Amino acid sequence: MQNPEHQALRLNTVFESLFIAGVTDSRALGISHLALHVSNLDKSRRFYTEVFGMKEAFHEPGEAFLWCGEDLLALHESGQGRIYPDAFHFGFKVRSRRQVEAWRDWLVKNDIIIEKEHDVEEYKGVRVRDPDGYEIEVFYEPKR
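These figures come from a predicted structure and were not determined experimentally.

**Student:** Is there a simple way to think about the pattern of salt bridges in this case?
**Tutor:** Close approach of charged atoms allows side chains with opposite charge to pair. Applying the stated criterion across every chain, the model contains 11 salt bridges. The salt bridge partner of lysine 116 is glutamate 135, with a shortest N-O separation of 3.8 Å. In this pair, lysine 116 is assigned in strand E6 (residues 116–120) and glutamate 135 in strand E8 (residues 135–140), connecting sequence segments 19 residues apart. Given a relative accessible area of 1%, glutamate 135 falls into the buried group. Close ionic contact of glutamate 135 with arginine 127 constitutes a salt bridge, the shortest N to O distance being 2.8 Å. Three or more residues joined by partner-sharing salt bridges are found here, namely Glu115, Lys116, Arg127, Arg129, Glu135 and Glu137.

**Student:** It is not clear to me how the packing of aromatic side chains should be interpreted in this structure. Could you clarify?
**Tutor:** Two aromatic rings are characterised by how far apart their centres lie and by the angle between their planes. For the structure shown, the criterion picks out 4 aromatic pairs. Between phenylalanine 47 and tyrosine 48, the ring centres sit 5.1 Å apart and the planes meet at 85 degrees, which makes this aromatic pair edge-to-face. Residue classification places phenylalanine 47 among the partly exposed positions, given a relative accessible area of 40%. Tyrosine 48 gets classed as buried once you look at its relative accessible area, which sits at 19%. Arranged with centres 4.4 Å apart and planes meeting at 20 degrees, the rings of phenylalanine 58 and phenylalanine 65 form a pair that is stacked. The exposure class of phenylalanine 58 is partly exposed, given its relative accessible area of 24%.

**Student:** When you look at helix H4 (residues 97–109) in this model, what are you seeing that I'm missing?
**Tutor:** Side chains three or four residues apart in an α-helix point the same way, a direct result of the helix having 3.6 residues per turn. Between its first and last C-alpha, H4 extends 18 Å over 13 residues, near the 18 Å set by a 1.5 Å rise per residue. Three or more residues of H4 are buried, namely Gln99, Val100, Ala102, Trp103, Trp106 and Leu107. Looking straight down H4, one finds its buried side chains confined to an arc of 160 degrees; they lie on one side. Where H4 terminates, the next one or two residues include aspartate 111, which has phi positive at roughly 60 degrees.

Rules used throughout
Residues numbered from 1 in each chain as written. Predicted model: local features only at pLDDT ≥ 70, side-chain atom pairs only at ≥ 80, totals over all residues. Heavy atoms only, no water. Salt bridge = Lys/Arg side-chain N within 4 Å of Asp/Glu carboxyl O. Helix = DSSP H or I, 4+ residues; strand = E, 2+ residues; numbered from the N terminus. Buried < 20%, exposed > 50% of the residue type's maximum accessible area, 1.4 Å probe, protein only. Phe/Tyr/Trp six-rings, centres within 6.5 Å; stacked < 30°, edge-to-face > 60°. Expected span 1.5 Å × (residues − 1). Arc of directions from axis to C-beta.

Below is the structure:
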């Protein structure tokens, strides 16, 4: 992995590089979701809905996605009372699938390791790690 300070300096040129690549206005639209692993999904879902007034967006076995304004809190059950910190991540939403591709190309060109990639019908994303190991997702999906 690169020196984090060197990597940060190179990241400052990302918007210029993306503009040259023909992708204008490629800045993230915001941090649209935060994903946490929880030891008890039902208990955590009740906590966030009852204490903070979040509304359930959808759920799948072992996962619940809760609306907090326009953003999502994703809860992933780890089970057995254990929390897995490697599942913590946050995502930057961009405006199009093309912008995700431009980000991916720029990240690879600048020797930033792509940890994961997803490309399904209504979702496209790449994940990288910051200098402290936090997983960051750059993704596109249409509004729900």
